[in-house]
Each structure stands twice: as C-alpha cells, then as structure tokens.
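Structural characterization, general
What follows is the residue order along each chain.
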Amino acid sequence: MLVRWHWRGQMQKGWNLTGFDDNQKIRRLRLKRRDLFAGSLAFGAVGARGMWNSVPAAAAALQRTAVGGTVPRLVPMRAHADQITDIKVCLRPFRPAGPRLDVERVGDKVVIHNYGHGGSGWSLSWGSADIAVGKAASLSPRRIAVVGCGVIGLTSALSAQRAGFEVTIYTRDMLPHTRSVRANGSWTPDSRIALTAPAGPQFADVWEQMARYSWKTYRDYLGLPGNPIDFRDNYTLSDTPFEEGPEPEGRTGPGDYASTGMPRATSEFATYGDRIRDIIPAPELLASQDNPFPVAYAQRAPMMMFNFGAYGHLLLSEFYQAGGKIVIREFHTPADMKSIAEPVIINCPGYAARDLWGDRTLIPVRGQTAWLPPQPDVMYGVEYKGAAALSKSDGLMIQAVDLNNVGEMEGVGNSFEHADRAEAEKAIAVFENLFARFPAGRG
Amino acid sequence: MRGSGYACRAGLGAGLLLALVQIGLPAAHAAQARTVSYYTTEQAQRGETTYQQFCAVCHGASLAGAFDVPPLKGRFVTNWSGATLDRLFDYISKAMPLFSPGALTPAQNADLVAFILRENGVPAGRTELPATDAALKTMVFPTISADRVK
C-alpha cells in the first residue's frame, strides 16, 4: 500500500505547467519510472536492521505474488481527450508544521482551528474533527459553530453533533463549490501533510491518531447505497522491475524551508505511512502470466476512495437530519467571529485561512484532475508513466502526476487555479496508448 | 459614465451634489451611497483596465465569476455590504490576484474597488477612492438600491 502512498504523494504533484521537448520528456519519464518505484522501495535498505521500513519493501523482499486467477477480466478504460467532461484544479492548503489545531480567543469567542491538511484533508478529516471537537467539548458549550463547509467543516460539524452539541455551519460556499471537491478523492493520508523538521516528532503521533480514527470512520460508510466510500483494486505498472534505488531528491532550488521559508526538496516532506501499515492492504506483485497489461511489471493493491457526489450529499443529509443549520456568510477578518452567536467556533476555512487569518505559513500546492464520463464497468485504477486513472462513480478521473521529476515539490507555491488542458491531455494519452494495446496476451 | 446619472439624481434629490462629503459611520451606510463620493469616473475606468488585465481571467469580463470562482456582483454585495471598505481593499491587496497575491500597487487596488463599486451600481462622485486603510476605514460598502441592481 505504501507504494501507492508514495506514488500517490507524487501523484498529487504532477502539474506540468511548462513544456519540454520529446527527448527531455522521454528521458524524464524513464528516470521517473525508475526513480518512482525505486523511491517507493528505497526504505527497504533498512531491512538490514531486520525489519522492512515500508510495505512495498516487505512485499518485494517476500516476493509475494497474487494468487493465480485472481486478476479478473478488466474492462479497458475508454481514455480519450475528446471525452473530457471537466477539469478541476485545487489548491492544497499545505502547512509545513502540519494542520493548525490550536485554540485562540477572539473577543469572548473561543476559536478552535482545524485547517491546513495539505493533500490529506479527505483522508484525515474524521480524525482531525475528533480532535477539534474534543477540545470544544472540554469547554462544555451547548452550541457550537463551524466555519467552513468543505470536508473538514462537514466532518467537524457531524462529529460535534454526534458529541451532543447543537451545530450551526457558517460558510461562504457549499458543496460542490468548496475547494475540497476539487481533489482526486482517494486515501492519501500523508500527502503533503507536513515537513518532517517543522512538524517535529510529536506530530507523527497526532497524525497516526487522525489516520486511524478516520480509517475506522470511513469503514462505517462502506457498502451503503450509492457507494459513498468504496475500494478499488489499483494497479501500478512499470516497464522496469520494482527495484531498489536511491530516492529522488526532487530538488527545485538551494536551501530548505528553514533557510528560505519554502520547502526546496521532496526529502523535506514527512512520510508517516509506515505507522499504520498494519491496517492498510499491502500491494502484491502480479505474475507475468496473470498480468493483463501490456507492460512487464504490475502490482495490485486495494485502495479506499471517496465518491464526492454520494458522500457529500450523504454528509449534508446527516447534518440536516440531526438538526444542523447552515448560514451563508463570508467573514473578512478574524474579528468577524465575534458576530457569531455560538461561544465556541471550530474554524475550518481551508486555504482561505491564508487571507482570513493571515496565516502566511499556508502554502498553496496546485493539483489538477481531468474527468471523463463514468465507466461503471471499469472497477479499478491504474498508475503508469507518471499518470493515474481511477474509475469513480462520478467519472473516470485521470491525473497527471509527475512530469517534472521534482517529487513532492510539484505545484508547491503555485496558486494558479486554472485548468491546464494540455496537461490533462498528456495524462489521458498515457492511458489511451496503454489501452490501445490491451489486453496483453496471457501465458 | 455608468453611475453618473444616479449620482445626479441622488445628489440633486439631497441638494448636496456639490457638497459631497465622506461620512462613514457603519450605521449610516444605507444612506451613505447617496451622500458619499466613493470614486471618480476616471478612477473606475482605470480600475476597469486593471481588472481586464489581472482579474478578468478568473472572474470573467462581466464580473460574473464561474463555477469555482466567486462573482463580483450579486452575492458579492451580500458578502461585503455593511463592511468598511478597508477590509475589501485589504483582501484584494493580500489575496489577489490569486496566482500572484499582492502583486498590484495600492493605487491599482483602490482603482479596482472603484470599478467594482461602479459595476454594482454605486454612483461616481468627485473624489477618488483613497488607497489607504485609514481613509477607507471610514467608508462602508453600501447596500444597492433596487433600481441600480445590475
């Protein structure tokens, strides 16, 4: 599973806004493929200490392959640029120190912050909400306000209701206009969640608490009508072996966050996935005779994902059914919080906190997904050549991942919230080409 | 010269056209649109040029916004009316343009506020909208009368 996380972490960074010629492209993709999978296995070097530091490392070492005959007949994806129905661009609210969860007084109001979850907001939402609501509960209010109605705001509001409070959400926008629904919607709990050094070792414990709590909560939404939460087999493909090698540095400039105020290399980003590998399905290798893809190497891992439409409407329905109220209001300064009737406020503005609260540690990380019509007979995801495709109930999601070979640095500091169609078409072309050669002959 | 006609009617109606003054108590904002000179026609025109250069790419040439981009008319007035203009000026200064926050000068940002006011039906006057927080703090984004809704 960690191979997916690592890959996902890179997946969520592949926003190529600059063109490069074909030779460069080929070289970079070749490097990328090798570095990508090498990177995901790099921690295996720690195996010398008698343990594997990542699930893929362990899987590679164990040489575990999928049981023969367990790869179902896969309906090919219909990936063509002329099928694009939407391109969504999001700005991940990344904070080097990790999400803001501290408590602040504004006049006679108590504000409990819950924002800045980078590329992990959906994944960590329930656990982060539980922490925020716990702080609110210690003040014993009868009523609680939640500012913001993205996935962090909604889960905070529902968690507060479940804890027995009357809740009103104050928000400028509702789903589907919030930035939350511009994500790719899959389980990526440590995607640009923090930088290792500024977050410190104590945040790793907080992260694990959030991740485990969220994972369990999401399991409660599995198997419901409309499949608000679902699993997909996700196939990671490579033309070269999933072998060990040095992790790409992904450097975009000299220095680091401490010296420049901005991260400069992938190696600065925190990874915590190993802490919960006991509950996350590990990847398995496909034997060549079972590999239906026209590439030499394939891994498979079940992956949790969030179907925005079904899940978003369900959360809203649950909130209303529990007596929740929503007030449309835009706040301009922190002092505006004084106008809220409730004494305790859980503050979930996402990226808007940068300007509303003047939080200059909030760094935008641009991400883009292209959406094609839903293909309900396609029940899997694929990652190949720096692009990812995932079949969801609201469409076939295709994402450029890693065309610039800068790892987690891709999109960092980029707040250009406009669709880049060329980028989308490049990613789609990867799968158009792949499935034009599909399926490979078996045996 | 959008807005000038309204300024004349309102001004003449109040008998104060040549004596527009900046008052600025938030409680008085409902009446303020009729008595305060918010901006000049020239300033709003400069603002329009800046808007088309830096803002229209997201908010659209007609300020209508898009699915993922807030409009600068309609709901925008609900969100900002009653707030002192320094807040809008501050927000634009720090947060906009989204792809390069803080890139515009204070004068350009004041011009943009003037343009937005004009596009939302606030009449032009004889005094330019100032480009300092202190001065803007005394002015309130007005409510829009029904006959001026655009």
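Residues numbered from 1 in each chain as written. Chains lettered and ligands numbered in written order. Predicted model: local features only at pLDDT ≥ 70, side-chain atom pairs only at ≥ 80, totals over all residues. Heavy atoms only, no water.

Helix and strand content of chain B: eight helices and zero strands. Secondary structure elements of chain B, listed N to C terminal, follow the sequence α-α-α-α-α-α-α-α. Expressed as a percentage of the 150 residues in chain B, the buried residues total 47%. Counting only contacts in chain B whose residues sit at least 6 apart along the sequence, the fraction spanning at least 24 positions is 71%. By element, 62% of the accessible surface of chain B is carried by carbon and sulfur atoms, the whole surface being about 6800 Å². (Helix = DSSP H or I, 4+ residues; strand = E, 2+ residues; numbered from the N terminus. Buried < 20%, exposed > 50% of the residue type's maximum accessible area, 1.4 Å probe, protein only. Contact = heavy atoms within 4.5 Å. Areas by Shrake-Rupley, 256 points an atom, 1.4 Å probe, with all protein chains shown as cover.)

A word on the overall build of chain A. For chain A, the helix and strand inventory stands at 10 helices and 14 strands. Residues counted as buried form 60% of the 443 residues belonging to chain A. Counting only contacts in chain A whose residues sit at least 6 apart along the sequence, the fraction spanning at least 24 positions is 81%. Carbon and sulfur atoms form 52% of the exposed surface of chain A, whose accessible area is close to 16500 Å².

The subject of this paragraph is helix H3 (residues 41-54) of chain B. All names here are of chain B. Taking 1.5 Å as the rise per residue, H3 with 14 residues should run 20 Å; its terminal C-alpha atoms sit 20 Å apart, in good agreement. Among the residues making up H3, those that are buried are Thr 41, Gln 43, Ala 44, Gly 47, Thr 50 and Tyr 51. Packing partners of the buried residues in H3 comprise helix H4 (56-59) and helix H7 (106-119). (Expected span 1.5 Å × (residues − 1).)

Bringing the packing of aromatic side chains into the picture now. Residue and element names in this part refer to chain A. Overall, the coordinates contain 25 aromatic pairs over all chains when judged by the stated rule. Ring plane angle 85° and centroid distance 6.0 Å describe the contact between Trp 215 and Phe 231, whose orientation is recorded as edge-to-face. Highlighted residues: Trp 215 in helix H6 (residues 196-219) and Phe 231 in strand E6 (residues 229-238), separated in sequence by 16 residues. Look at Trp 215 and you get buried, because its relative accessible area is 6%. Take Phe 231: its relative accessible area is 25%, and that puts it in the partly exposed class. Taken together, the aromatic side chains of Trp 122, Trp 126, Tyr 218, Tyr 221, Phe 306, Phe 308, Tyr 311 and Trp 371 make up a single cluster linked through ring pairs. The ring of Phe 308 has Lys 392 sitting right over it, with the charged end atom 4.2 Å from the ring centre. (Phe/Tyr/Trp six-rings, centres within 6.5 Å; stacked < 30°, edge-to-face > 60°. Lys NZ or Arg CZ within 6 Å of the ring centre and 35° of its normal.)

Once that is clear, we can look at the sheet that holds strand E9 (residues 325-328) of chain A. All names here are of chain A. As summarised here, the arrangement of the six strands in space is E2-E3-E10-E4-E5-E9, forming an open sheet in which the pairing is mixed. The open sheet has two edge strands, strand E2 (103-106) and E9, and neither has a second partner. For this sheet the average axis-to-axis angle between neighbouring strands, irrespective of direction, equals 25°. Taken together, the five bridges between strand E4 (residues 143-147) and strand E5 (residues 166-171) define a ladder with parallel strand orientation. The residue bridging Ala 145 from the neighbouring strand is Thr 168, located in E5. Against the sheet, helix H4 (residues 121-137) touches E2, strand E3 (109-113), E4 and strand E10 (344-347), its axis set at about 165° to E10. The sheet strands contacting helix H8 (residues 308-321) are E5 and E9, and the helix crosses E9 at an angle near 110°. (Pairing = 2+ DSSP bridges. Axes fitted to C-alpha atoms, helices over the stretch in contact; angles between N-to-C directions.)

Mapped onto the elements, Leu 175 of chain A comes out in the loop between E5 and H6. In this structure Leu 175 of chain A touches Cys 149, Leu 154, Val 181 and Gly 312 of chain A, once residues within four positions along its chain are discounted.

Attention shifts here to the confidence of the model for chain A. Of the residues in chain A, 84% reach a pLDDT of 70 or more, and the chain-wide mean stands at 86. Low confidence marks residues 1-51 of chain A, where pLDDT is under 50. Its contacts with residues over four positions away, or in another chain, come to 153 contacts. (pLDDT = per-residue confidence, 0-100.)

All names here are of chain A. Read from one edge of the open sheet, eight strands run E1-E11-E14-E13-E12-E6-E8-E7, paired in mixed fashion. Of all the strands in the sheet, the pair left with one neighbour each is strand E1 (86-94) and strand E7 (284-285). Here E1 pairs with strand E11 (residues 363-372) via nine bridges, running antiparallel. Paired with Lys 88 across the bridge in E11 is Thr 369.

All names here are of chain A. Ranked by size, the top nonpolar core spans 56 residues in total, and within it Tyr 218 and Tyr 272 carry the most contacts. Sequence-distant contacts of Tyr 272, that is, excluding residues within four places in its chain, are made with Asp 190, Ile 193, Ala 194, Ala 199, Phe 203, Ala 204 and Trp 207. Formed by 32 residues, the second largest nonpolar core is a distinct cluster that contains Leu 237, Phe 293, Val 295 and Val 378. (Core = buried A, V, L, I, M, F, W, Y, C linked by side-chain atoms within 4.5 Å.)

Here, the residues flagged by UniProt with the feature "domain: Cytochrome c" (unreviewed entry) are residues 42-120 of chain B. Secondary structure across residues 42-120 of chain B comprises 61% helix and 0% strand; the distance between its end C-alpha atoms is 16 Å. (UniProt positions renumbered as here; feature names shortened; annotations may be inferred.)

Before going further, it helps to spend a moment on the interface of chain B and chain A. The extent of an interface is frequently quoted as the accessible surface area lost upon association of the parts. Listed as interface residues are 16 residues of chain B and, on the opposing side, 20 residues of chain A. Of the roughly 1600 Å² buried where chain B meets chain A, counting both sides, 51% is carbon and sulfur surface. Ionic pairing is found between Asp 336 of chain A and Arg 87 of chain B, a salt bridge with its closest N-O pair at 2.7 Å. At the boundary of chain B with chain A, the tally comes to eight residue pairs in polar contact (both at pLDDT 80 or more). Only H4, helix H5 (75-80) and helix H6 (85-95) of chain B provide two or more residues apiece to the side of chain B that touches chain A. When residues in the side of chain B that touches chain A are grouped by element, the largest group, four residues, is from H6 of chain B. Across the side of chain B that touches chain A, the residue classes break down as 10 nonpolar, two polar and four charged. (Buried area = accessible area lost by both parts, 1.4 Å probe. Salt bridge = Lys/Arg side-chain N within 4 Å of Asp/Glu carboxyl O. Polar contact = N/O pair within 3.5 Å; in protein donor to acceptor, adjacent residues only side chain to side chain. Nonpolar A, V, L, I, M, F, W, Y, C, P; charged D, E, K, R; others polar.)

This part is about empty space enclosed by the protein. Gaps left between atoms show up when a probe the size of a water molecule is rolled over them. Residue and element names in this part refer to chain A. Here the structure, examined in full by the defined rule, presents two cavities of 30 Å³ or more. Computed from the structure, the second largest cavity encloses a volume of approximately 40 Å³. Every residue along the wall of the second largest cavity is listed here: Trp 122, Gly 150, Val 151, Leu 154, Leu 175, Ser 180, Gly 312 and Leu 315. Counting residues per element, the ones that place at least two in the lining of the second largest cavity are helix H5 (151-162) and H8. Of the residues belonging to the lining of the second largest cavity, the class tally is five nonpolar, three polar and no charged. (1 Å grid on protein atoms, 1.4 Å probe; cavity = no way out; pocket = protein on both sides within 12 Å on 5 of 7 lines; lining within 4 Å. Points joined across faces, edges and corners; volume = space filled by probe spheres on them.)

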